[in-house]
Amino acid sequence: MILTARVWSGRGHPPPGRLEEVPLRVERLEGGALLLPGLTVRHDGDEELFERADLRFDPRRGGGPTATPEHRRDALAFGVVNTAHHLSRALARATELLGRPLPPLVAVVGAHAARHPGWGGGHYRLPAESYSTLPEEEPPVATGEIHLGAGGRLVPLDGRAYLHTASHDPAIVYHEFGHHLVHHTADLRCNRRRAAGAQTNRRIPLDEGTCDYIAAILMGTPDIYGWHRAGVPSYSARRRRLDAPRTMAHFVGGHLSDPHADGAIWSAALWAARCELERGGVDPGRFDAVVLRSLERIGRSGDDLPVEVAQRRRRRFATALEAILAEDEAGGGDLATVVETVFAARGIEVGTANNESRWRARGGLPAGIAVGS
Ligand SMILES: [Zn+2]
Ligand SMILES: [Zn+2]
């Protein structure tokens, strides 16, 4: 059945967009869950949210501390509906660009609220033996789950406070969707070679940067976190604007670095290439298809290599650039010159390890330093 859903548009207006009503194809309403083709979105509790086939809920400014129980329930139902709309849109676009559907996706709204009520972020989880933060009480389904926290900070929206709960923010929903896509295509951590219940959820810069790019193309803006990070300076790595002039000179690397900040170099290079191609009259959707299909190409490569070697290769921005160029070549190769030029200006070139690119971008290697991966 097709129902009318009220959601934040995520597009055509500064994030989170405008409140708008959109059609949503739903297979079933089940108490606190919406079942859509290839997608289940539920909240983590027993409360009935969908007694009527009407998905037009008031967001109630996120259901902050002063909300009544009824308003909090509206905010929760809005979060489930908003998440379902954006995930179903993202899945449809990915199917179009990849030429195949992704495996089914489960999203849980208000996850971890019992033990961590203040958590307002999101994560994508696969079943693992242990979790570095926010342990899972039940193992996530094998195809992967998005968990969105119920908490959050109060942030301004139209001059008034709004509880920034993850399910209300299209950018967070799209970013976490990106992890589902990257996992089922590039498989950057070689999870396919691990036991089904012993997957890794540790993310690397290439993964985080690709997820921000996916959010940006779905939202049509480079300032995807412009709502809840409006107070963060525009070109700070924490803002993660894709139109920031970030290059490999900003790369930190290593276990103590933030993969989101390092990934912002990759997302900015992708965005710059997309804009440059568009200026030259290329439909940006063509480049998006090349980028998504290049992820499949990465996932198909290196299966004959020892797992550590394959993983090390998949950490490199250069590997992803090579896959983009190979995918472009398979389609005629007319994007390569622009792509290579834009990436080179950011310090990303084929055949180069991330650390080496960083030193080159900073003006050369200190004498006597050997370059690792
Ligand atoms: Zn979780
Ligand atoms: Zn992420």
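Below or above, wherever it landed, is the structure these notes cover. (Residues numbered from 1 in each chain as written. Chains lettered and ligands numbered in written order. Predicted model: local features only at pLDDT ≥ 70, side-chain atom pairs only at ≥ 80, totals over all residues. Heavy atoms only, no water.)

**Describing the coordination of the zinc ion (ligand 2)**
Piece 1. Only His175 (NE2), His179 (NE2) and Glu208 (OE) from the protein coordinate the zinc ion (ligand 2), and they sit 2.0 to 2.1 Å from it.
Piece 2. On the accessibility criterion, His175 (4% relative accessible area) is buried.
Piece 3. Accessibility expressed as a relative area gives 4% for His179, which makes it buried. (Donors = N, O, S within 2.8 Å, 3.2 Å for Na, K, Ca; no water. Buried < 20%, exposed > 50% of the residue type's maximum accessible area, 1.4 Å probe, protein only.)

**Details of the sheet that holds strand S3 (residues 28–30)**
Piece 1. With mixed pairing, the six strands of this open sheet are ordered in space as S3-S4-S5-S6-S8-S7. At either margin of the open sheet sits one strand with a lone partner, and together these are S3 and strand S7 (122–125). Between one strand axis and the next, the sheet turns by 15° as a mean value, whatever way the strands run.
Piece 2. Relative to strand S8 (residues 145–148), S7 is paired through four bridges, and the arrangement is antiparallel. For Tyr124, the partnering residue across the bridge sits in S8 and is Ile146.
Piece 3. In the packing of helix H1 (residues 69–98) onto the sheet, the strands contacted are strand S4 (33–36), strand S5 (39–43), strand S6 (105–109) and S8, and the crossing angle to S5 comes to about 165°. (Pairing = 2+ DSSP bridges. Helix = DSSP H or I, 4+ residues; strand = E, 2+ residues; numbered from the N terminus. Axes fitted to C-alpha atoms, helices over the stretch in contact; angles between N-to-C directions. Contact = heavy atoms within 4.5 Å.)

**Quick word on helix H9 (residues 354–361)**
Along an α-helix, a turn takes 3.6 residues, which lines up residues three or four apart on a common side.
Piece 1. The set of residues buried in H9 consists of Asn354, Ser357 and Arg358. The buried side chains of H9 occupy one side of the element, clustering within an arc of 100° when seen end-on.
Piece 2. Against the buried residues of H9 lie helix H6 (307–315) and helix H7 (317–330).
Piece 3. Immediately beyond the C-terminal end of H9, within one or two residues, lies Gly363, with a positive phi of roughly 105°. (Arc of directions from axis to C-beta.)

**What about the coordination of the zinc ion (ligand 1)?**
Piece 1. Looking at the zinc ion (ligand 1), one finds its protein donor set to be His112 (NE2), His123 (NE2), Glu136 (OE) and His147 (ND1), positioned 2.0 to 2.1 Å from the metal centre.
Piece 2. One can describe the site at the zinc ion (ligand 1) as tetrahedral: its four donor atoms subtend angles covering 103 to 123° at the metal.
Piece 3. When the donors of the zinc ion (ligand 1) are listed by position in the chain, the intervening gaps give H-x10-H-x12-E-x10-H. In this pair, Glu136 is assigned in the loop between S7 and S8 and His147 in strand S8, connecting sequence segments eleven residues apart. (Tetrahedral: all angles 85-135°; square planar, octahedral: opposite > 155°, others 65-115°.)

**Remarks on the packing of helix H4 (residues 259–279) against H7**
Piece 1. With their axes 12 Å apart at the nearest point, H4 and H7 run at an angle of 20° to one another. Compared by their axis directions, H4 and H7 come out roughly parallel. Crossing of H4 against H7: the hand is right-handed. Touching Asp262, Ile265, Trp266 and Leu270 of H4 are Phe317, Ala320, Leu321 and Ile324, all from H7.
Piece 2. Split by residue class, the contact of H4 with H7 holds seven nonpolar, no polar and one charged. (Parallel < 35°, antiparallel > 145°, perpendicular 65-115°, else oblique. Left-handed = near helix turned anticlockwise from the far one by under 90°. Nonpolar A, V, L, I, M, F, W, Y, C, P; charged D, E, K, R; others polar.)

**As for the environment of Gly363**
Piece 1. Structurally, Gly363 is set in the segment after H9.
Piece 2. When the C-alpha positions of Gly363 and Ala249 are compared, they lie 8.6 Å apart, and in sequence the two are 114 residues distant.

**Quick notes on the nonpolar core**
Piece 1. If you look at the biggest cluster of nonpolar residues, it comprises 91 residues, and the most contacted ones within it are Leu55, Phe177, Trp266 and Phe287.
Piece 2. Broken down by element, this core gets its largest block of residues, eleven residues, from H1.
Piece 3. Sequence-distant contacts of Leu55, defined by excluding residues within four places in its chain, comprise Leu3, Thr4, Ala5, Arg6, Leu24, Val26, Leu29, Leu34, Phe50 and Val81. (Core = buried A, V, L, I, M, F, W, Y, C linked by side-chain atoms within 4.5 Å.)

**Quick notes on the pattern of salt bridges**
Piece 1. This model, assessed by the stated rule, comprises 24 salt bridges.
Piece 2. A salt bridge links Glu51 to Arg73; the nearest nitrogen and oxygen atoms lie 3.2 Å apart. Taken together, the residues span a long stretch of sequence, with Glu51 in the loop between S5 and H1 and Arg73 in helix H1 at a distance of 22 residues.
Piece 3. Take Arg73: its relative accessible area is 21%, and that puts it in the partly exposed class.
Piece 4. We note a salt bridge from Arg241 to Asp243, for which the minimum N-O separation is 2.8 Å.
Piece 5. Because the salt bridges share partners, they merge into one network encompassing Asp223, Arg239, Arg241 and Asp243. (Salt bridge = Lys/Arg side-chain N within 4 Å of Asp/Glu carboxyl O.)

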